[in-house]
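A look at the structure
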Amino acid sequence: MSRDLLFEIGLEEVPARFLRAAMEQLQDKVVKWLDASRIGHGEVTAYATPRRLAVWVQNVADKQEDISEEVKGPSRKIALDESGQWSKAALGFAKSQGVDPESFTFKELGGVEYIYVTKNSVGVETKSILSEGLHGILTSMTFPKNMRWGAHEFKFVRPIKWMVALLGSDIIDLEITGVKAGNVTRGHRFLGGEAVVISEASAYRDVLREQHVIVDVKERQDMIVAQIENLAQEKGWNIAIKDDLLEEVLFLVETPTVLYGTFDSSFLHIPQEVLITSMREHQRYFPVLDNQGQLLPFFVTVRNGDRRSLDVIARGNEKVLRARLSDAKFFYEEDQKLQIKDALSKLESIVFHEELGTIGDKVRRIRRISDQLSAKFNISADTADSVSRAADICKFDLVTQMVYEFPELQGVMGEDYARKAGEKEDVAKAVFEHYQPRFAGDAVPSTQVGSIVSIADKIDTIVGCFSIGIIPTGSQDPYALRRQAAGIVQIILEHQLPVTLSDVFGIALEVHENIRALKRSTDEIRKDLKEFFGLRVKKLLSEDQRYDVVDAVITAGFDHVVSVVSRGHALMHAVENVEDFKTVVESFNRVSNLAAKAGKAAVNSELFTELEESELYEAWQAIRNDYQAALEAADGERSLSLLSGLKGPITKFFDSVMVMAEDEAVRANRLALLSGIDGDLKRYADFTKLVW
Amino acid sequence: MNFQQMILTLQQFWAEQNCIIVQPYDTEKGAGTMNPMTYLRSIGPEPWNVAYVEPSRRPADGRYGENPNRLYQHHQFQVILKPSPDNIQELYLESLERLGINPLDHDIRFVEDNWEAPTLGAWGLGWEVWLDGMEITQFTYFQQVGGIDANPVAVEITYGMERLASYIQDKENVFDLEWVDGITYGDVFHQPEYEHSKYTFEVSDVKMLFTLFNMYEEEANKAMNQHLVFPAYDYVLKCSHTFNLLDARGAISVTERTGYIMRVRNLARQVAATYLEEREKLGFPLIKKGGAEHV
């Protein structure tokens, strides 16, 4: 026999951002409890709306499964005393297991005999333990923020208003904070009934649908998306449904009805990022675009209710948006009255970090680092001037009213205001781009100027933090240093910049050292930086390469990021696609194994006695210049192909030459030859790390 | 419904729910929460139900009477119920209906908004209530007040009267709101808005304000040492308002700011602790009278 279980917790409106996780948590706890209690069950479905969390379990067994388990006791030696009677230990075991010692059996385990008892427990009725089980589930729920209410000590995400707990049609006895579980739920706050009977657990979803509550999250989401798409089609609009906004709106409504409103097109002269941000962040509206991606003077919102009086609601929302956009317009116009130089002087009073000074101090460091990077990059004097200017003004928009209101518009406003203030195009663009990449998957700066200032800003933060001991550990990374380091690596890679990581570290360290005495030695900081960036490079390579390939090329060095990536790609390709590449690597590894025995002597071609060793020597010498050039050009494919050409001579060498010759000088010379080749191999990768 | 009728309606409604209707407090403050009828009375075990209008000053929001939505001084209608009753959301929605807002014709939502007043050492969880996208009310379950755990928990409902009125009267500009027939909000408040803004941003004597801050702080401590909670708290409020004036004038740097906030918070916490002690000495007299019954 089995019946369905329904557990609904009715709440005052739960924060939208907690709901999905809370729903999953409730489902998880119920399933774990059923399994641990040996209660068989069928499919489990969880529901959530702003006012309720619920779980519906189909075909819950009426009784726990019976079990028979064997429990191991003390060994025979301990269980029986000298006279063959049960010892105290054995009697204690019997008592603890609630059995008569007569029921003991002996069994051997690993050559020792132990006493065992077999315990049979008969499953009890599910209904008799559900009340305790649900209580445990309810009180063990956790949320990012909990609260107390009334005179209760109990904490929960929001006050509990009602509970439904049913097994089939039987009510499960459950009470918390004065709320007793029953079979009565509530419908939509305004459209539904205040006391709605759920006669049977399995009827839950349909009963609530009649009460204007769509409990199924997916169903609600589909309704919203379909309504938005219909509207878009009807009007010929392009309505951008951003996932996180949809997720939030989804958990703000029990019955979704999509409606739209309009705003005065005179607001459209404000940059569209500003309008979109204001609509999204303040009002949770979906912006409306045309097919060219240009913003139109409309917005789309989702009402928690039916279609009644939608015109009133649209008008109300229009009024609110008008006030919001008027504010934005005011900020936009006021901000443009602010001179960049006055904005910059205000940066002197904004603290970046107590020990690292103000934003003004940071900007001066960014300028110095940027200029030194420019010098390395062989760029035109004109571009170098733009880099200097962009570095100087990259943070000025932080003191504008718009960025104060919408911090996520930093850089976006700076670019717009800089252009309007008459800055050069590449400078204005860099004010935005220097923040890129802003999140995982974001683009890197597209321009040289933006790339240089971006690297400078990021390395300044990283070196500054490392110098005062702020180094990310585990989940602790308050300054997002990992993302910034990954950003630097991506920029170098994307633009194939001729710079090593140690160059970048060195420049930033020197700039910091020239300003203040560092708390830690530069050697220590450099070591930490190397390790930190090593992990970022490794992570980046691992996105499309095997871990052993990544290990192999990283061991050969990652200071030159473009090179390590190119080497990695070429090696990955060879490992996966080149026939017989395994034999190439085997030949390399034979070289490496013996090279380990070599002394310090250099190769002396006069000492060769066999043809094959001269041939190997010559083959190696013949590729050296090209190999060096290919490595410097970060051409992984070419360098690997040159190395692979040595396979033939290496194989012949090992087939015909006895490396460990009796003559000490000959032997040392042969080892020196192998050691020389091994040295070149290891500049590419540690091939011994490859796994076949 | 004009502004005055709205106030009278809300007073009448909450009086029916057994709230004491008190009058605005006579010391400058930034929010109705700072009225001792809320800040002090929400501390400790005694039941307490009160409602009042609070003119609230936010010097930095002054716009010389030129901005249609921002004001140096606005009006909050404040309700405190301790312990928070189970049907508080329903009571609140009923109050909106009294103001002529039928929920079936609007989109009313409770959107998460957690409240924190760093200068008061107070925080709570709750919502902002949206009426067709407009925030009209702040709804908070106090969790801590003056650094003391709220037990039982008081719920605070703060109606933003100008916002609500602009919706009910369908006006774009706050100064066009009808206060009573023939008298607008602007008639009553435009001149003070302009003058206070000008004073705050251009005229106020920064040196004097710094001196006043220190004097008020000293006086608050003096009163507190004598266990005179209410006088001490008046000076805390004066410190807070003086700080707001200085802040609006741009006289306090970012680094100093935290320091001043901490000084006010420390005072507020001490007052809170002393209030609880004094009430305990009195035997928490309101417990004996029992809490008001709610519908």
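No experiment lies behind these values; they were computed from the predicted model shown. (Residues numbered from 1 in each chain as written. Chains lettered and ligands numbered in written order. Predicted model: local features only at pLDDT ≥ 70, side-chain atom pairs only at ≥ 80, totals over all residues. Heavy atoms only, no water.)

**Side note on the overall build of chain A**
Secondary structure assignment for chain A yields 26 helices and 18 strands. Here the C-alpha radius of gyration of chain A, 36 Å, is well above what a compact globule of 692 residues would show, namely 26 Å. Here the C-alpha coordinates of chain A stretch approximately 100 × 100 × 50 Å along the principal axes. Residues counted as buried form 52% of the 692 residues belonging to chain A. Accessible surface for chain A amounts to roughly 31,300 Å². Of this, 48% is attributable to carbon and sulfur atoms. Side chains of chain A carry 84 positive and 106 negative charges; the gap between the two charge centres is 5 Å. (Helix = DSSP H or I, 4+ residues; strand = E, 2+ residues; numbered from the N terminus. Rg over C-alpha atoms; globule rule 2.2 N^0.38 Å. Buried < 20%, exposed > 50% of the residue type's maximum accessible area, 1.4 Å probe, protein only. Areas by Shrake-Rupley, 256 points an atom, 1.4 Å probe, with all protein chains shown as cover. Lys, Arg positive; Asp, Glu negative; His and termini not counted. Charge placed at Lys NZ, Arg CZ, Asp CG, Glu CD.)

**Examining the packing of helix α20 (residues 547–555) of chain A against helix α21 (residues 561–577) of chain A**
Residue and element names in this part refer to chain A. Between α20 and α21, whose axes approach to 9 Å, the crossing angle comes to 140°. When the axis of α20 is compared with that of α21, the two are oblique. In the packing of α20 onto α21, the handedness of the crossing is right-handed. Across the interface between the two elements, V549, A552, V553 and I554 of α20 pack against V564, R567, G568, L571, M572 and V575 of α21. (Axes fitted to C-alpha atoms, helices over the stretch in contact; angles between N-to-C directions. Parallel < 35°, antiparallel > 145°, perpendicular 65-115°, else oblique. Left-handed = near helix turned anticlockwise from the far one by under 90°. Contact = heavy atoms within 4.5 Å.)

**Details of the domain arrangement of chain A**
Residue and element names in this part refer to chain A. In terms of domains, chain A is made up of domain 1 (2–64 + 125–210), domain 2 (67–121), domain 3 (217–335), domain 4 (349–543) and domain 5 (561–689). Computed over C-alpha atoms only, the centres of domain 4 and domain 5 are separated by 40 Å. Facing the nine residues of domain 4 at the interface are four residues of domain 5. Taken together, both faces of the contact between domain 4 and domain 5 bury some 560 Å²; the carbon and sulfur share is 90%. (Domains from an automatic or database assignment. Buried area = accessible area lost by both parts, 1.4 Å probe.)

**What to know about the sheet that holds strand β5 (residues 105–109) of chain A**
Within a sheet, each strand pairs with its neighbour through backbone hydrogen bonds, oriented either parallel or antiparallel. All names here are of chain A. Strands sit in the order β4-β6-β5 across an open sheet of three strands; the sheet is antiparallel. The sheet terminates laterally at β4 (67–75) and β5, the two strands that pair on one side only. Neighbour to neighbour, the strand axes of the sheet diverge by 40° on average, direction disregarded. By the bridge criterion, five bridges tie β5 to strand β6 (residues 112–121) in an arrangement that is antiparallel. The residue of β6 that forms the bridge with E108 is E113. Along the sheet face, helix α3 (residues 88–97) touches β4 and β6 and points at about 160° away from the line of β4. (Pairing = 2+ DSSP bridges.)

**Some points on the side chain of R109(B)**
For R109(B), the position within the fold is in strand β4 (residues 108–112). Overall, R109(B) belongs to the buried group, its relative accessible area being 6%. At 2.3 Å, the side chain of R109(B) and the backbone oxygen of V302(A) are in polar contact. When near neighbours in sequence (up to four residues on either side) are disregarded, R109(B) contacts L252(A), T301(A), V302(A), R303(A), N304(A), E128(B), V129(B) and W130(B). (Polar contact = N/O pair within 3.5 Å; in protein donor to acceptor, adjacent residues only side chain to side chain.)

**Some thoughts on the domain arrangement of chain B**
It is common to give the size of an interface as the accessible area lost on bringing the parts into contact. All names here are of chain B. By the assigned domains, chain B splits into domain 1 (3–200) and domain 2 (205–282). A C-alpha centroid distance of 23 Å is found between domain 1 and domain 2. The contact between domain 1 and domain 2 buries some 2,300 Å² in all, and 65% of this surface belongs to carbon and sulfur atoms. A per-residue breakdown of the area domain 1 buries against domain 2 is headed by E28, L40 and T119, which together make up 24% of the total. The interface formed by domain 1 and domain 2 includes two salt bridges. (Salt bridge = Lys/Arg side-chain N within 4 Å of Asp/Glu carboxyl O.)

**Let's talk about the environment of Q64(A)**
Residue and element names in this part refer to chain A. Following the sequence through the fold, Q64 ends up in the loop between β3 (52–61) and β4. Separated by 29 residues in sequence, Q64 and D35 have C-alpha atoms that sit 9.8 Å apart. The residues contacting Q64, other than those within four sequence positions of it, are S37, R38, I39, G123, V124, T126 and I129. Here the side chain of Q64 touches S37 through a polar contact of 2.8 Å, landing on its backbone oxygen.

**Here we look at the pairing of β3(A)**
All names here are of chain A. Counting buried residues along β3, eight of its ten residues qualify, which places the element largely inside the surrounding structure. Two strands pair when backbone bridges link them, and strand β2 (residues 44–49) and β3 are joined in this way by six bridges, in the antiparallel orientation. Across the sheet, residue T45 finds its bridge partner in β3, namely W56. In this structure, the hairpin formed by β2 and β3 is closed by a connection of two residues.

**Digging into the packing of aromatic side chains**
Throughout the structure, instances matching the rule amount to 46 aromatic pairs over all chains. Taking the centre distance of 5.9 Å and the plane angle of 10° together, the rings of Y684(A) and F687(A) count as stacked. Relative accessible area serves as the criterion here: at 0%, Y684(A) is assigned to the buried category. Here the basic side chain of K362(A) rests over the ring of F352(A), its NZ or CZ set 5.0 Å away from the ring centre. The residue whose ring lies beneath R41(B) is W48(B), and the NZ or CZ to ring-centre distance is 4.8 Å. (Phe/Tyr/Trp six-rings, centres within 6.5 Å; stacked < 30°, edge-to-face > 60°. Lys NZ or Arg CZ within 6 Å of the ring centre and 35° of its normal.)

**A short note on the sheet that holds strand β15 (residues 286–289) of chain A**
Residue and element names in this part refer to chain A. If you walk across this open sheet you meet the four strands as β13-β15-β16-β14, and the pairing is antiparallel. This sheet does not close on itself; its edge strands, each paired only once, are β13 (238–239) and β14 (256–262). Here β15 runs beside strand β16 (residues 295–304); their pairing, made up of three bridges, is antiparallel. When the sheet's bridge partners are listed, F286 is paired in β16 with V300. Sheet contacts for helix α6 (residues 217–235): β13, β14, β15 and β16; angle to β14, the most-contacted strand, approximately 35°.

**Regarding the packing of helix α16 (residues 448–467) of chain A against helix α17 (residues 481–494) of chain A**
Residues and elements named next belong to chain A. Where α16 meets α17, the closest approach of the two axes is 9 Å, and the angle between their N-to-C directions is 145°. Crossing of α16 over α17 shows left-handed handedness. Facing α16, whose interface residues are S451, S454, I455, K458, I459, T461, I462, C465 and F466, α17 presents L481, Q484, A485, I488, I491 and I492. Here the contact of α16 with α17 is composed, by residue class, of ten nonpolar, four polar and one charged. (Nonpolar A, V, L, I, M, F, W, Y, C, P; charged D, E, K, R; others polar.)

**Quick look at helix α18 (residues 501–515) of chain A**
All names here are of chain A. Compared with the 21 Å implied by 1.5 Å per residue over 15 residues, the 22 Å span of α18 between its first and last C-alpha is a close match. Looking only at α18, the buried set comprises L501, V504, F505, G506, I507, A508, L509, V511 and H512. Lining the buried residues of α18 we find α11 (359–376), α16, α17, α19 (522–542) and α21. (Expected span 1.5 Å × (residues − 1).)

**Quick word on a nonpolar patch on the surface**
On the surface, Y199(B), V203(B) and M208(B) cluster together into a nonpolar patch covering about 250 Å² of accessible area. Mapped onto the secondary structure, V203(B) falls in helix α5 (residues 185–203). (Patch = residues over 30% accessible without salt bridge, like charges linked within 9 Å, V, L, I, M, F, W, Y side chains within 5 Å.)

**Re unusual backbone geometry**
Residues Q436(A) and P437(A) are joined by a peptide bond in cis, for which omega reads -10°. Locating P437(A) in the fold gives a position in the loop between α15 (425–433) and α16. With an omega of -5°, the peptide bond between K82(B) and P83(B) qualifies as cis. Note on placement: P83(B) falls in the loop between β3 (73–82) and α3 (88–98). Not every positive phi belongs to a glycine, and Y64(B) is a case in point at roughly 60°. Positive phi, close to 55°, is recorded for D170(B), a residue that is not glycine. Here D170(B) shows up in the loop between α4 (161–168) and β10 (178–180). Judged by its relative accessible area of 52%, D170(B) falls in the exposed class.

**Points about the side chain of R158(A)**
On the secondary structure map, R158(A) appears in the loop between α4 (126–140) and β7 (160–167). Despite its burial, R158(A) remains without a salt bridge, the nearest opposite charge being carried by E112(B) at 4.9 Å. Separated by 3.1 Å, the side chain of R158(A) and the backbone oxygen of G126(B) make a polar contact. With sequence-adjacent residues up to four places away left out, R158(A) is seen in contact with L11(A), E12(A), E13(A), V14(A), P15(A), M147(A), W149(A), E112(B), N114(B), L125(B), G126(B) and W127(B).

**Observations regarding the confidence of the model for chain B**
Summary statistics for chain B give a mean pLDDT of 94 and a share of 97% for residues scoring 70 or more. Overall fold confidence for the complex sits at a pTM of 0.79, while the interface term, ipTM, reaches 0.94. (pLDDT = per-residue confidence, 0-100.)

**Here's the deal with the nonpolar core**
Within the largest apolar cluster, 133 residues are counted, with the highest numbers of intra-cluster contacts made by F533(A), L571(A), Y684(A) and F687(A). Sort the elements by how many residues they give to this core and α16(A) lands first, with ten residues. The residues touching Y684(A), leaving out its near neighbours within four places in the chain, are V553(A), A556(A), S566(A), R567(A), A570(A), L571(A), Y627(A), L631(A), G636(A), S639(A), L640(A) and L643(A). Counting residues in hydrophobic clusters, the runner-up holds 111 residues, among them L138(A), A181(A), L10(B) and F189(B). (Core = buried A, V, L, I, M, F, W, Y, C linked by side-chain atoms within 4.5 Å.)

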